[in-house]
Number of protein chains: 4
Amino acid sequence: MDTTTEEERRANGRNDVEADVSQSTESDISNMAQRLAEYSPQEAMNWALARHGRDCAISFSGAEDVVLIELASRSGKPFSVFSLDTGRLHPETYEFIDRVRGHYGITIEVFSPDTTAVQNLVREKGLFSFYHDGHQECCAVRKVEPLRRALSKYRMWVTGQRRDQSPTRSDVDTLQLDPTFSGALAPLLKLNPLARLTLAEVWSFIREARIPYNPLHDRGFVSIGCAPCTRIVRPGEHERAGRWSWEDATKRECGLHLKPPADYAI
Amino acid sequence: MDTTTEEERRANGRNDVEADVSQSTESDISNMAQRLAEYSPQEAMNWALARHGRDCAISFSGAEDVVLIELASRSGKPFSVFSLDTGRLHPETYEFIDRVRGHYGITIEVFSPDTTAVQNLVREKGLFSFYHDGHQECCAVRKVEPLRRALSKYRMWVTGQRRDQSPTRSDVDTLQLDPTFSGALAPLLKLNPLARLTLAEVWSFIREARIPYNPLHDRGFVSIGCAPCTRIVRPGEHERAGRWSWEDATKRECGLHLKPPADYAI
Amino acid sequence: MDTTTEEERRANGRNDVEADVSQSTESDISNMAQRLAEYSPQEAMNWALARHGRDCAISFSGAEDVVLIELASRSGKPFSVFSLDTGRLHPETYEFIDRVRGHYGITIEVFSPDTTAVQNLVREKGLFSFYHDGHQECCAVRKVEPLRRALSKYRMWVTGQRRDQSPTRSDVDTLQLDPTFSGALAPLLKLNPLARLTLAEVWSFIREARIPYNPLHDRGFVSIGCAPCTRIVRPGEHERAGRWSWEDATKRECGLHLKPPADYAI
Amino acid sequence: MDTTTEEERRANGRNDVEADVSQSTESDISNMAQRLAEYSPQEAMNWALARHGRDCAISFSGAEDVVLIELASRSGKPFSVFSLDTGRLHPETYEFIDRVRGHYGITIEVFSPDTTAVQNLVREKGLFSFYHDGHQECCAVRKVEPLRRALSKYRMWVTGQRRDQSPTRSDVDTLQLDPTFSGALAPLLKLNPLARLTLAEVWSFIREARIPYNPLHDRGFVSIGCAPCTRIVRPGEHERAGRWSWEDATKRECGLHLKPPADYAI
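Residues numbered from 1 in each chain as written. Chains lettered and ligands numbered in written order. Predicted model: local features only at pLDDT ≥ 70, side-chain atom pairs only at ≥ 80, totals over all residues. Heavy atoms only, no water.

## Describing the overall build of chain A
Going by this rule: Here a helix means four or more residues in a row that DSSP labels H or I, a strand means two or more in a row labelled E, and each is numbered from the N terminus. Relative accessibility decides the category of a residue: with a 1.4 Å probe and only protein chains considered, values under 20% of the type maximum give buried, values over 50% give exposed, and everything between is partly exposed. Contacts between residues were defined by any pair of non-hydrogen atoms, one from each residue, lying within 4.5 Å. Throughout, the Shrake-Rupley method with a 1.4 Å probe supplies accessible areas, and for residues the shown protein chains are the sole cover considered.
What chain A contains, in helices and strands, is nine helices and six strands. Burial statistics for chain A: of 266 residues in total, 57% are counted as buried. Put simply, 69% of the contacts in chain A that link residues at least 6 apart link residues at least 24 apart. Of the roughly 11,000 Å² of accessible surface on chain A, a fraction of 49% belongs to carbon and sulfur atoms.

In structure tokens, the structure reads:
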């Protein structure tokens with residue numbers, strides 16, 4: 001008989017949920033998601049790494065999602081980290097990614113766009129097509145395709161998405177079946193341990209725990225993406241106002257976190 | 001019989017409130033304050049300028065209080081503007097003050113610290129004493145004394161204070177008897193037309209009305225004061241977090257807006 | 001009988017030099033080089049484009065070599081331009097490359113590093129290996145290999161090299177047989193029309209002709225390369241002091257302009 | 001009989017020149033100037049401080065003239081330092097002045113403009129009159145009058161002027177009788193120990209001796225004055241090109257170092 005308390009089980013990343021996603025029915029995953037919704041960020045991370053270890057990869061953008069790496073590091077368990085180098089990040093972001101690598105003593109696998117795809121896009125439309133016909137085409141080449149390559153190796157990925165980030169993220173759950181990047185035979189889980197935190201809570205944690213952060217945050221940047229598609233947040237603006245600021249706020253997703261169609265159930 | 005509506009009277013800056021403050025009893029002023037509390041910022045400005053004209057001076061810091069000048073300009077009435085040049089403003093702020101001067105075609109009277117007082121402070125304590133023993137002494141020399149000189153010429157001054165700016169300003173009223181700068185014989189009124197606006201509302205107005213603003217706001221600054229005592233606001237921080245950031249949040253007033261003692265009644 | 005003067009022939013880019021390099025003996029090219037040494041930058045460009053047209057490509061780095069594009073544009077002849085996008089250029093340089101594209105109404109072919117090669121380098125050594133074991137390995141992946149791909153299409157390329165740039169360039173000639181990028185069967189010529197100009201002369205031309213230039217030049221940058229490997233030039237320093245500043249001044253070439261061995265004759 | 005060598009005497013700041021300027025004839029001073037012309041910067045500083053001690057004041061602008069303070073500090077003798085705070089210096093320059101104060105453990109007397117004079121200028125002409133009718137009027141209020149006040153206490157002042165700085169300084173001598181600030185009864189000497197150094201030599205010294213310097217020098221600034229009247233030096237430009245850049249190069253003196261009329265003899 002297992003006499004461990006629920007709290008102890010969470011601390012060790014254990015619960016009754018079946019870990020083998022490939023065998024899970026949709027209803028299994030739905031149950032898991034409900035339980036995870038009540039986990040703290042640290043508990044959720046512990047659970048994920050206990051289940052999947054290096055098959056669970058943190059997607060690190062070089063911004064405040066460094067918190068995910070801190071949580072994984074605190075878990076004491078092995079984990080994987082990757083970043084997408086779009087070729088257009090701020091110089092400060094490249095420095096920060098390398099600083100995080102050294103600070104935590106980890107390997108960060110960096111994925112680059114496909115040479116031919118990016119050359120073709122630039123030859124045809126120049127280096128700033130996104131200002132004219134939207135960011136989707138450039139994101140597809142510089143982020144989504146490399147992400148698809150990255151995720152092909154993993155069972156679960158971990159992101160820094162939060163509900164308070166934007167209208168497009170108001171119903172993010174701690175655990176989701178990834179509708180976009182799951183393969184036909186290999187379902188992919190997405191863990192969003194910070195889903196229910198506010199921006200202020202994330203930053204209180206960063207400051208109190210003295211976690212290294214991108215110096216752009218000290219220069220007015222809140223959410224950070226590619227340099228030409230990110231500007232600082234102005235007085236009275238929402239945190240995501242600095243991303244693709246010339247576009248409609250309801251379309252500001254790069255394709256990494258497209259929501260499933262309305263009838264899609266996990 | 002006056003058949004003008006309340007709205008018309010407000011639009012012209014007229015009401016029944018006795019304008020001659022020097023003759024007003026405290027109870028008169030208290031009545032005025034109650035009525036003004038319901039005025040819009042434009043109505044409050046109209047009222048003030050109709051009553052006092054050039055004897056009413058807008059205190060312009062070079063930040064988002066440019067809104068006050070816009071309101072005054074829209075009133076179509078004469079008005080005065082002054083700024084305090086502490087000698088330590090950002091280069092961008094000096095440029096902005098001059099730009100506002102040109103944009104509205106107005107005179108901005110600029111007050112400088114007393115030569116001897118500032119030289120003595122610097123000789124004794126260097127140029128950054130505020131980091132060591134608090135900003136009060138430097139503000140006294142560079143802001144408060146020049147403000148006292150400036151206000152000696154006026155019956156009323158207009159500031160950009162808002163309730164949502166800080167814990168020290170949560171009970172700011174649209175109209176107040178200034179407890180600090182009133183002379184023995186000459187009571188001084190302080191008008192805070194933006195008292196009940198939020199930061200977001202002020203900035204919506206600035207953007208929609210295309211009012212010129214300090215370029216530092218596009219570089220992460222929200223509240224702007226002297227360069228060494230202002231930093232940008234970091235993610236998740238309150239708008240005044242950038243002012244005297246090394247000090248306790250309950251002491252971050254420069255002396256221009258010290259609150260009256262608790263028993264002080266207007 | 002040809003009655004055109006030498007000056008007229010230069011103006012039209014014509015001279016007696018045999019243009020078909022693949023048929024040229026070394027002595028032919030040596031004769032060409034001697035004559036070109038006396039040509040002005042505009043004359044040299046005219047000559048090259050008259051001979052090779054679109055088979056002659058300007059290598060545009062996003063810095064003051066924009067002068068080459070101005071010269072080509074003034075020639076009235078067709079020409080090709082390519083840039084190497086290392087993935088680590090300054091955001092301002094990407095903007096400038098696109099601005100030049102629009103200003104001159106030209107296509108700029110942009111070459112990117114090989115996906116696998118750059119991912120392997122970063123996985124193994126991180127994003128800043130050059131600070132530790134020299135810039136050669138990173139330049140090989142991000143500049144030299146893409147350049148080799150680019151040059152495979154051309155008979156001649158045009159660079160902004162100048163003799164006064166550095167000790168490594170003191171004997172640059174206006175015309176050279178490229179010892180590094182020539183194929184076994186297809187010799188490649190390199191034209192350096194600015195070889196004998198000084199930095200001050202180049203900049204006088206840019207300012208007087210109101211040629212668009214990289215805004216980094218207004219922020220203290222002289223020579224501009226990749227962001228992490230370029231810093232501004234400090235007071236009293238030479239113009240190339242800002243490139244790979246942590247390395248020995250005699251090794252500061254990225255591999256695009258390696259000198260032939262001493263016994264190599266053109 | 002004095003058996004000390006010339007070199008020993010220089011090292012101790014001793015020579016045969018009569019130190020009491022007020023008693024000196026013009027011919028005495030002319031002799032002094034001739035001898036000083038052969039002194040090294042350190043020898044010249046030693047000589048001056050041995051003669052005048054605290055009556056000899058270094059004029060420190062917050063730029064590379066920090067070298068003067070280093071020399072004075074190395075002399076082991078007492079000395080005075082003053083700065084002119086125009087009220088329009090860069091924030092970085094104020095920080096640097098304070099840093100120098102701490103680094104050398106010295107008092108820097110800071111002189112501010114006269115309150116009324118500066119207020120009158122700004123009321124009448126705004127904060128940027130110099131862009132429209134020249135910098136002389138503003139410099140007179142913010143620099144020259146405070147300098148006159150500062151110099152009234154001293155017998156000699158020390159400046160960082162160099163011959164290679166500009167066409168207006170090509171004949172600067174190591175020792176000069178100050179034609180502008182000498183009183184009727186009290187002649188004032190001006191020592192320019194760096195007169196014959198080049199910019200590159202000054203900066204080699206700063207770097208090799210690890211002397212603290214204004215961080216603006218790492219951002220492209222060479223000569224540094226007031227913020228609105230200084231810009232960085234662009235590629236190919238002379239070091240003083242950044243000062244009052246909208247004005248004729250032959251008029252770029254603030255009034256501190258006006259040359260004597262041609263017939264003026266020292």
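On we go.
## Brief notes about the sheet that holds strand 6 (residues 189–191) of chain A
Residues and elements named next belong to chain A. For the record, the criterion: A pair of strands is considered paired only if DSSP assigns at least 2 bridges between the two. Fitted lines through C-alpha atoms give the axes, limited to the stretch in contact for helices. The angle between two N-to-C directions lies from 0 to 180 degrees.
Strand order in this open sheet of six strands is 3-2-1-4-6-5, and the pairing throughout is mixed. Looking at strand neighbours, the two that pair on one side only are strand 3 (109–111) and strand 5 (175–177), the edges of this open sheet. The average undirected angle you get between the axes of adjacent strands in this sheet is 30°. Judged from the three bridges that link them, strand 4 (residues 156–158) and strand 6 form a sheet pairing that is parallel.

## Description of the relation of the copies chain A and chain C
Test applied: Least-squares fitting of one copy onto the other uses the C-alpha atoms of those residues that reach a pLDDT of at least 70 in both copies.
When chain A is fitted to chain C, the residual RMSD is 0.0 Å, and the transformation amounts to a turn of 180° plus an axial shift of 0.0 Å. On the angle and the small slide along the axis, the relation comes out as a two-fold axis. The rotation axis passes nearest to the C-alpha of Gly87(A) in chain A, at a distance of 2.1 Å. When the interface residues of chain A are mapped onto chain C, 100% of them again lie at the interface, so the same face is used by both copies.

## Focus: the relation of the copies chain B and chain D
By a simple turn and slide, chain B fits onto chain D: the slide is 0.0 Å along the axis, the RMSD is 0.0 Å, and the turn is 180°. Mapped onto chain D, 100% of the interface residues of chain B are again interface residues, and the two copies thus contact each other with one and the same surface.

## Looking at the sheet that holds strand 6 (residues 189–191) of chain D
Residue and element names in this part refer to chain D. Spatially, 3-2-1-4-6-5 is the arrangement adopted by the six strands of the open sheet, whose pairing is mixed. With partners counted over all chains shown, the strands left at the sheet margins are strand 3 (108–111) and strand 5 (175–177), one partner each. Shown here is a sheet whose adjacent strand axes are inclined to one another by a mean of 30°, direction ignored. With four bridges connecting them, strand 2 (residues 80–84) and strand 3 associate as parallel partners. Paired with Phe82 across the bridge in strand 3 is Glu109.

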